[in-house]
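# Structural features, examined
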Amino acid sequence: VTASLSKLGRIDRLGFIEGKIGVTHLIMNDYSQNQVFLSLDTIHYANLYSSVAIKFGEAMPEQLAMKRGINLTLASFLGGRKFSLDLAYEQSDGGMLLGVSRSDRTHKASVSTNLSANTQLGVGLTSVESSIDYFSQIHPSISLTVSW
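Treat the numbers as computed from the prediction; the structure is a model and nothing was measured. (Residues numbered from 1 in each chain as written. Predicted model: local features only at pLDDT ≥ 70, side-chain atom pairs only at ≥ 80, totals over all residues. Heavy atoms only, no water.)

## Here's the deal with the sheet that holds strand 9 (residues 137–146)
Spatially, 1-2-3-4-5-6-7-8-9 is the arrangement adopted by the nine strands of the open sheet, whose pairing is antiparallel. Edge positions in the sheet fall to strand 1 (2–11) and strand 9, since each of these pairs with one other strand and no more. The mean inter-strand angle of the sheet, taken between neighbouring strand axes irrespective of direction, is 10°. (Pairing = 2+ DSSP bridges. Helix = DSSP H or I, 4+ residues; strand = E, 2+ residues; numbered from the N terminus. Axes fitted to C-alpha atoms, helices over the stretch in contact; angles between N-to-C directions.)

## Quick notes on the pattern of salt bridges
Counting across every chain of the model gives four salt bridges. Here E90 makes a salt bridge to K55, at a shortest N to O gap of 3.3 Å. Of this pair, E90 sits in strand 6 (residues 81–97) while K55 sits in strand 4 (residues 48–57), and the two are 35 residues apart along the sequence. The partner of K67 in a salt bridge is D93, with the nearest N and O atoms 3.6 Å apart. Of this pair, K67 sits in strand 5 (residues 65–78) while D93 sits in strand 6, and the two are 26 residues apart along the sequence. Take K67: its relative accessible area is 30%, and that puts it in the partly exposed class. (Salt bridge = Lys/Arg side-chain N within 4 Å of Asp/Glu carboxyl O. Buried < 20%, exposed > 50% of the residue type's maximum accessible area, 1.4 Å probe, protein only.)

## Considering the side chain of S112
By the secondary structure assignment, S112 is in strand 7 (residues 100–116). Filtering out sequence-adjacent residues up to four positions away, S112 remains in contact with K82, F83, S84, Q120, L121 and G122. (Contact = heavy atoms within 4.5 Å.)

In structure tokens:
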């Protein structure tokens, strides 16, 4: 559940912007968490879209949960095709395993493009650095989305 306030505007020589502040109540299987976020989306005059968002989550005792994060998106049309680059960083903490505290840092990067009007292809890489080595991992992703 999310509630937010936003303001639309235009900045000369830059483009159209939307600034947003909001609160999200995230419900997971074993906990719920309140998060606050700030974001700025810009449609640049120079054939570019950008979005930057930061978020902060409330501490969850003995539960691994998001503490802070940042997301960056850039999108543009190149050769008549839309390309998007998404970068994200998230720090989680508060977890416990057999009395040992756990915190994770997650880095994500992905690139996507439209193959046609209703088909999108994406490739990405996710890296998790955990204070408990067992949970550290790196994995690629590939997605093919077809809209009907």
